[in-house]
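Coordinate inspection notes
One-letter residues, chain by chain:
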Amino acid sequence: MRSRDDRTIVAILAMPRAYSLDVSIPAHVFGQHPGYRVFVCGDQNGYQSLDADDDSSNRPSHTDVAADIRPTHSLSDVEYADIVVVPGYENPSLPIPEGYLKAVRLAGERGARIVAVCTGVFALAASGMLDGKTATTHWQYTDQLRTTYPGVDVAENRLFVEDGAFLTSAGAGSGIDACLHVIQSDFGTTVADEVAKDVVFSAARSASEPQYVDVPPLPRAGLQATREWVIENIGSSITVQRMADHSRLSRRTFIRHFVRETGMPPMHWVARQRILGARRLLESSDWSVERIAGATGFGTAANLRNIFRREVGVTPTAYRKTHAAMTVTRSHTR
């Protein structure tokens, strides 16, 4: 359900033991765009109380729990939300009050998009909505999630996973990626880039990128200079060998390090950059599809149309009609 001014309503749950960072990050990111109206919803009479069996004196001193976050709206207001964010919370083995689980269930049944940050996935799993679906969480909790909820297909070492209306993410940093992914889906790549810039964050990373790497990257900036070179020359013929030559590594060593840094093979990453470049130009320019194809390395309009439709799900023309209109409309409201 949209608000009366046609903005998308985002309800963030201020649950017991919630990490304040996991509440404030989505509030800040979504709050940067006028297309969203953000609610922080909770039980205003006792949302911050801990479970009776939870000895707060044993909590690590660095644990940042949302003791000072006050809901702006009640749990009943979750029913109006288009997007519901479930933040991570301390000690996910302890139960969440049924009122919160019920609010999430009703939102899911109504068709709202559900975003879980970090251990927030445990609340979704407890509600039963993730049975048979793929999800992820912070790497420290993947084994616990798999053991506690065997009906959930747990993806290892992923920034975020989208399965239908459910989007689950790792720690707080990947929560930013998840929010930017939602904004990109709602309003396009250009708008998501603008929000990322507003919150001083890089453009939304891909869901396939890892949470961490086991082997340290190359010294200094690693392969960042090569990746920047590819983006600057995205319209030219890019090959693995050209990238390896630019990085002054052998082909085999380059591929190994590239996969460690990005979580994907080099040409897969290049294809993603070309799609992102095409999306940005479709949203922000009046260039022909043929010109965009040349500028982003697809060569021909036919090739761009085929790959774009396969990867994005719509034709370049249809994408432009939808997202260019959104970009213009929303920019006037800033």
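In this report, we go over the structure that sits alongside the text. Quick caveat, the model's predicted, so the values are computed rather than measured. As a convention, each chain's residues are numbered from 1 in the sequence order in which they are written. With pLDDT at 70 or above as the cut-off, local features in this predicted model cover only qualifying residues; side-chain atom pairs require 80 or more to be listed or tallied, and sums for whole chains, interfaces and linings still use all residues. Excluding hydrogens and water, the side-chain figures rest on all heavy atoms present in the structure.

Let's talk about the side chain of D22
You can see D22 is positioned in helix α1 (residues 20–31). Here's how the labels work: a residue is buried when its accessible area is under 20% of the maximum for its type, exposed when over 50%, partly exposed in between, all with a 1.4 Å probe on protein chains only. For the purpose of charge, His is not counted, nor are the chain termini; Lys and Arg are scored as positive and Asp and Glu as negative. Salt bridges are defined as contacts in which a side-chain nitrogen from Lys or Arg sits within 4 Å of a carboxyl oxygen from Asp or Glu. Salt bridges are absent for the buried D22, whose nearest opposite-charge side chain, R17, sits at 12 Å. There is a polar contact of 3.1 Å between the side chain of D22 and the backbone nitrogen of G88. Residue contacts for D22: discarding those within four places in its chain leaves P87, G88, V117, C118 and A172. Note on conventions: DSSP H or I runs of at least 4 residues are helices, E runs of at least 2 residues are strands, and numbering of each starts at the N terminus. Think of a polar contact as two N or O atoms within 3.5 Å of one another; within protein, one of them needs to be a possible hydrogen donor and the other a possible acceptor, and neighboring residues in sequence only count if both atoms come from side chains. When checking whether two residues touch, look at their non-hydrogen atoms; a contact exists if any pair is within 4.5 Å.

Some details on the sheet that holds strand β9 (residues 166–169)
Hydrogen bonds between backbone groups are what pair the strands of a sheet, and the pairing can be parallel or antiparallel. Strand order in the open sheet formed by 7 strands is β3-β2-β1-β4-β5-β9-β8, with mixed pairing between adjacent strands. Whereas interior strands pair on both sides, the edge strands pair on one side only; in this sheet they are β3 (73–74) and β8 (160–163). Between any two strands, at least two bridges found by DSSP are needed for them to pair.

Thoughts on the nonpolar core
Among the buried residues, those of types Ala, Val, Leu, Ile, Met, Phe, Trp, Tyr and Cys that are joined through side-chain atoms within 4.5 Å form a nonpolar core. L13, V78, V84, V86, I114, L124 and L130 are the most contacted members of the largest nonpolar core, which has 35 residues in total. Put simply, the parts of the chain that give this core at least two residues each are β1 (8–13), β2 (36–42), β4 (83–86), α2 (98–110), β5 (113–116) and α3 (120–126). Not counting the four nearest positions on each side in its chain, V84 is found in contact with A11, L13, V78, A107, A112, R113, I114 and V115. Of all hydrophobic cores here, the second largest spans 31 residues; its members include A18, V115, C118 and F160.

Quick notes on the pairing of β2
β2 sits mainly inside the fold: 5 of its 7 residues count as buried. One ladder, built from 6 bridges, connects β1 with β2; its direction is parallel. Looking across to β2, one finds that I12 is bridged to V40. Handedness of the β-α-β unit built from β1, α1 and β2 comes out right-handed. If you view a crossover with the strands going away from you and the path from the first strand over the helix to the second runs clockwise, you call it right-handed.

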